[in-house]
Amino acid sequence: TLALRYRVFELLYGGARGGGKTSAGIAWLLIDINNPKYRALVIRKNADDLSDWIDRARQIYEPLGAEFTGKPAIIKWKNGAIIRTGHLKDENAYTKYQGHEYHRILIEELTQIPREEDYLKLISSCRSSDANLTARVFATTNPGGYGHSWVQERFVNECEPLKIFIDPTTKRTRVFVPATVEDNPTLMRKANVH
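One structure accompanies this document, and this report is about it. (Residues numbered from 1 in each chain as written. Predicted model: local features only at pLDDT ≥ 70, side-chain atom pairs only at ≥ 80, totals over all residues. Heavy atoms only, no water.)

What about the nonpolar core?
Stated precisely, the cut-off is as follows: Residue types Ala, Val, Leu, Ile, Met, Phe, Trp, Tyr and Cys, when buried and joined through side-chain atoms within 4.5 Å, form a set referred to as a nonpolar core. Buried residues are those whose accessible area, probed at 1.4 Å on protein chains only, stays under 20% of the maximum for their type, while exposed residues exceed 50% and partly exposed ones sit between those limits. Secondary structure is summarised from DSSP: a helix means a run of H or I of at least four residues, a strand means a run of E of at least two, and numbering begins at the N terminus for each. Pairs of residues are marked as contacts when any of their non-hydrogen atoms sit within 4.5 Å.
Of all hydrophobic cores here, the largest spans 31 residues; its most connected members are Leu11, Leu29, Trp53, Tyr61 and Ile83. Considering each element in turn, this core owes the most residues, 4 residues, to helix H3 (residues 51–61). Non-local contacts of Leu11, meaning those with residues more than four positions away in its chain, are made with Ala3, Tyr6, Val137, Phe138, Ala139, Phe155, Val175 and Val177. Within the second largest apolar cluster, 26 residues are counted, among which are Tyr97, Leu122, Cys126 and Ala135.

Here it is, written out as structure tokens:
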């Protein structure tokens, strides 16, 4: 809930497994879904790794009227809003998204992206020409992975947890929201039962 309240350009929700990060990202994408011009992109390093995310998103989005088509999946809403899925598995994959306008970009497992340059090229497509849609990036991650060092430097070392950081160069805002297993009440209830 706390991660969904921030209105910053970049948000990293990272930390312990089981903290509800994927569910938070799925909910975050719904914030402006009622705008027919809304366009979002969900990225994971490998497209095949998005299958679990797509299964979980289906459970929430289909009862709300979303239709899933294609591979990689495109999620369409009756009002015209669209959520696309994609990958960054090779060095030039970001070029698939160049020139596009995405109001929201959700990146699952950010530390799997080895180079900060690939991340920066990707988020350059996160922009808005609609005054009613603010461009935002939401990334989730567990510790470790090829890109652990740059992610830690960008979000953990530069940003005090839960405090908005203003990038001195771009003037854009970002925040790091630490995830703990205690953030997931369902998992905690199940753990207390056993």
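Topic: the pattern of salt bridges
As a reminder of what qualifies: Take a side-chain nitrogen of Lys or Arg and a carboxyl oxygen of Asp or Glu: if they are within 4 Å of each other, that pair is a salt bridge.
For the structure shown, the criterion picks out 9 salt bridges. Among the ionic pairs, Arg154 bridges to Glu10, the shortest N-O distance being 3.0 Å. Remark: Glu10 occurs in strand S1 (residues 10–15) and Arg154 occurs in helix H5 (residues 148–157); sequence separation between them is 144 residues. Overall, Arg154 belongs to the buried group, its relative accessible area being 11%. Accessibility expressed as a relative area gives 3% for Glu10, which makes it buried. A salt bridge links Glu116 to Arg154; the nearest nitrogen and oxygen atoms lie 2.8 Å apart.

Description of the sheet that holds strand S5 (residues 82–87)
Paired through their backbone hydrogen bonds, the strands of a sheet run either parallel or antiparallel. This is how it is decided: Here the rule is simple: two strands pair whenever DSSP picks up at least two bridges between them. Only the contacting stretch of a helix is used when fitting its axis, a line to C-alpha atoms as for every element, and angles between N-to-C directions run 0 to 180 degrees.
The mixed open sheet is built from 9 strands, whose spatial order is S3-S4-S5-S2-S6-S7-S1-S9-S8. Sheet topology places strand S3 (67–69) and strand S8 (165–166) at the edges, where each strand pairs with a single neighbour. Summarising the sheet, strand S4 (residues 74–76) and S5 pair through 3 bridges and their orientation is antiparallel. Looking at S5, one finds that Ile75 is bridged to Ile83. Relative to the sheet, helix H2 (residues 21–28) contacts S1, strand S6 (104–107), strand S7 (136–141) and strand S9 (173–179), its axis offset from that of S7 by approximately 165 degrees. Against the sheet, H3 touches strand S2 (39–44), S3, S4, S5 and S6, its axis set at about 155 degrees to S3.

Re the packing of H2 against H3
In plain terms, the rule: Any angle that is under 35 degrees is reported as roughly parallel, and any over 145 degrees as roughly antiparallel; angles of 65 to 115 degrees are reported as roughly perpendicular and all others as oblique. Handedness of a crossing is defined here by the sense of rotation of the near helix relative to the far one, left-handed for an anticlockwise turn of less than a right angle and right-handed for a clockwise turn. Throughout, the ten residues Ala, Val, Leu, Ile, Met, Phe, Trp, Tyr, Cys and Pro are labelled nonpolar, Asp, Glu, Lys and Arg are labelled charged, and all others, Gly among them, are labelled polar.
Where H2 contacts H3, the two axes come as close as 10 Å, and the packing angle between them is 50 degrees. In terms of axis orientation, H2 runs oblique to H3. The handedness of the crossing between H2 and H3 is right-handed. Facing Thr22, Ser23 and Ile26 of H2, the residues of H3 in contact are Trp53, Arg56, Ala57, Ile60 and Tyr61. Tallied by class, residues from the contact of H2 with H3 come to 5 nonpolar, 2 polar and 1 charged.

Some words on the pairing of S6
Operational definition: We call a crossover right-handed when, viewed with both strands directed away from the observer, the connection leading from the first strand over the helix to the second proceeds clockwise.
Residues Arg104 and Leu106 line one face of S6 and the alternating positions Ile105 and Ile107 line the opposite face, and both faces are buried. Pairing of S2 with S6 involves 4 bridges; the strand directions are parallel. Note on S6: the bridge partner recorded for Val42 is Leu106. Once you follow S6 into helix H4 (residues 116–123) and on to S7, the crossover reads as right-handed.

This is a description of form; function is not addressed.
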